[in-house]
Amino acid sequence: MSERSIIARHALTVLAGQLAVMAFGVADTIVAGRHGEASLAALSVGSAIFISVYVALIGVFQALLPVWAEQRGARETAALGRSLRQALYLCAAASLAGVCLLLSPGPLLRWTEVPPALRGDVERYLAVLALALPPALLFRMYSTLNQALGRPKLVTWLQVGSLFIKLPLSVWFTFGGAGLPAQGVVGCAWATLVVNCSMLAVAVWLLRTQDLYEPLQIWRRLEPPHAPTLAAFARLGVPAGLAVMVEVTSFTLMALFIARQGTTAAAAHQIAANVAAVLYMVPLSLAIATSARTSYWLGAGEPSRARHAVWTGFRLAALCGCALAAILFIAKEGVAHLYSHQPGVAAAAGGVLAWVAAYHAADALQTLCVFVLRCYRITVAPLAVYCVLLWGVGLAGGYLLAYHGLGPWAANPSPAAFWAASGAALGVTAALFLALLRRAVSPAAKSRAGGSPGR
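Remember, predicted model here, so these are calculated numbers, not experimental data.

## A look at the side chain of Ser-162
Examined against the element boundaries, Ser-162 turns out to sit in helix α7 (residues 153–175). The exposure class of Ser-162 is buried, given its relative accessible area of 4%. Setting aside residues up to four positions removed in sequence, Ser-162 forms contacts with Phe-24, Val-195 and Met-199.

Printed below as a string of structure tokens:
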């Protein structure tokens, strides 16, 4: 089977699961939108904060994919099991940090001037999601392990199956019924908690019963924390997690700044952010599949085959990114009306989605690049690029465009100002990452620094 076929099949399997998970967010957005404009605005702010915390933390675990894929390529199955057990300590620390952040959003809400009328619902929503965070991170570890093993199907089936639990629960908890009082937007968070715990329980059962995991010897006694292994995890995972945090907050913080423009603007931004996140699943899936194959060949001592995997994945990501951007630009009005039946919200969202299309084209390229750069242990440079461009140009530039004006452009207090600036920043980011990637995979490049943590 060709490298293109392997990457495409892996990516399609991952994509099916990721779209199922994204359907959770789509369902919540639609349910909250039907409940009321204020509920959708509260969801916009609350989900922006939760996603910023959650995605930054799972970025740390996603950075372990190259480690475990290399160990698989080198046929070091016992070492992979030990590495997985050590990662449990990382998960415990990440869960504690994330729960603390989600339980104390007050200072952030005040700093970004979120209207006081929204703060109560946002704080209650995040308090429930704080309970849902630890099982979500543990399940992410299981997902990363399966991706490294080249066997993502079990995760996909779990994610697709859980959608049939999430959808009815979100509707039931939000609107009430059968003796349960309506809980509004907080009901969406309770549904997420139930689903996350259910998925984790099934994942643990699979780890104990499936022959696939037996060579890893996972269920041995948990060793004490191994400082060199954890330090190696930190060198790879912390910059990667921070980079993901910068990437995500560069547009999720938009929700907090846009909230001062009123509920219509906040609702329009929530629709745009949700569409962007759904489209992101395509390059994300390709990036996961490509990095798994690249690291597998690096671990097997085949750098030329690793290079072939890199450029095969890049071409697929570029093609899909341009195609999806074009489709969204053409269908932007119809997509907006699918999310909201309120004319003002739909009209505002349609205008923003034109900028989301441009944003996605650049996002597809930079996503593939940054994942593959981790295979070559390049994590600090992408973090620096993200900080300067996504925060400094995208978020700060959008704020200036919206509220103060920038150069020849007068102030335009609308979500479109933020998305336009962020799209420009991502375009430059993609170009810089491509240059880094070309240098990293060049046959003349020096051998990768470090090595595989946990070996």
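## Regarding the confidence of the model for the protein
With 96% of its residues at a pLDDT of 70 or more, the protein has an overall mean of 85. This stretch, residues 447–455, has a pLDDT under 50; its non-local contacts, to residues over four places away or in other chains, come to 27 contacts.

## Brief notes about the packing of helix α10 (residues 263–299) against helix α12 (residues 343–375)
Between α10 and α12, the shortest axis-to-axis distance is 7 Å and the interhelical angle comes to 20°. As the angle between them shows, α10 and α12 are arranged roughly parallel. Regarding α10 and α12, the two cross each other, and that crossing is right-handed. Residues belonging to the contact of α10 with α12 are distributed by class as follows: 25 nonpolar, 8 polar and 1 charged.

## Observations concerning the packing of helix α6 (residues 116–148) against α7
Relative orientation of the contacting elements α6 and α7 amounts to 140°, with a least axis distance of 8 Å. Judged on the interaxial angle alone, α7 and α6 are oblique. For the pair α6 and α7, the contacting residues are Phe-139, Tyr-142, Ser-143 and Asn-146 in the first and Leu-154, Val-155, Leu-158 and Gln-159 in the second.

## Thoughts on the state of the cysteines
Summed over the entire model, instances satisfying the criterion amount to 0 disulfides. Take Cys-100: it sits in no disulfide, and the sulfur closest to it among the cysteines is that of Cys-91, at 14 Å. On the basis of relative accessibility, which here comes to 45%, the residue Cys-100 falls in the partly exposed class. Cys-369 supplies the cysteine sulfur nearest to Cys-375, a cysteine that is in no disulfide, at a spacing of 12 Å. Classification of Cys-375 as buried rests on a relative accessible area of 0%.

## Examining the side chain of Asn-196
Looking at the element boundaries, Asn-196 is found in helix α8 (residues 186–209). Here Asn-196 falls in the buried class, since its relative accessible area comes to 11%. A distance of 3.2 Å separates a polar atom in the side chain of Asn-196 from the backbone oxygen of Ala-132. Apart from residues no more than four positions distant in its own chain, Asn-196 is found in contact with Ala-132, Pro-135 and Ala-136.

## Focus: a positive patch on the surface
Taken together, the side chains of Arg-9, Arg-72, Arg-75, Arg-151 and Lys-153 make up a positively charged region of the molecular surface. Position of Arg-9 among the secondary structure elements: in helix α1 (residues 3–35).

## Quick word on the packing of aromatic side chains
Evaluated as defined, the whole model comprises 12 aromatic pairs. With centroids separated by 5.9 Å and ring planes inclined at 45°, the aromatic side chains of Phe-139 and Tyr-142 adopt a geometry described as tilted. With a gap of 3 residues between them, Phe-139 and Tyr-142 both fall in helix α6, about one helical turn apart. Residue classification places Tyr-142 among the buried residues on the basis of a relative accessible area of 4%. Here the aromatic rings of Tyr-403 and Phe-418 are separated by 6.2 Å at their centres, their planes lie at 65°, and the arrangement is edge-to-face. On the criterion of sequence distance, the pair formed by Tyr-403 in helix α13 (residues 380–403) and Phe-418 in helix α14 (residues 415–441) is long-range, its members being 15 residues apart. The aromatic ring of Phe-329 is capped on one face by Lys-332, whose charged end is 4.3 Å from the ring centroid. Directly above the ring of Phe-371 sits Arg-374, whose terminal nitrogen or CZ lies 4.5 Å from the centroid.

Thresholds, definitions, all that
Residues numbered from 1 in each chain as written. Predicted model: local features only at pLDDT ≥ 70, side-chain atom pairs only at ≥ 80, totals over all residues. Heavy atoms only, no water. Helix = DSSP H or I, 4+ residues; strand = E, 2+ residues; numbered from the N terminus. Buried < 20%, exposed > 50% of the residue type's maximum accessible area, 1.4 Å probe, protein only. Contact = heavy atoms within 4.5 Å. pLDDT = per-residue confidence, 0-100. Axes fitted to C-alpha atoms, helices over the stretch in contact; angles between N-to-C directions. Parallel < 35°, antiparallel > 145°, perpendicular 65-115°, else oblique. Left-handed = near helix turned anticlockwise from the far one by under 90°. Nonpolar A, V, L, I, M, F, W, Y, C, P; charged D, E, K, R; others polar. Disulfide = S-S within 2.5 Å. Polar contact = N/O pair within 3.5 Å; in protein donor to acceptor, adjacent residues only side chain to side chain. Patch = residues over 30% accessible without salt bridge, like charges linked within 9 Å, V, L, I, M, F, W, Y side chains within 5 Å. Areas by Shrake-Rupley, 256 points an atom, 1.4 Å probe, with all protein chains shown as cover. Salt bridge = Lys/Arg side-chain N within 4 Å of Asp/Glu carboxyl O. Lys, Arg positive; Asp, Glu negative; His and termini not counted. Charge placed at Lys NZ, Arg CZ, Asp CG, Glu CD. Phe/Tyr/Trp six-rings, centres within 6.5 Å; stacked < 30°, edge-to-face > 60°. Lys NZ or Arg CZ within 6 Å of the ring centre and 35° of its normal.

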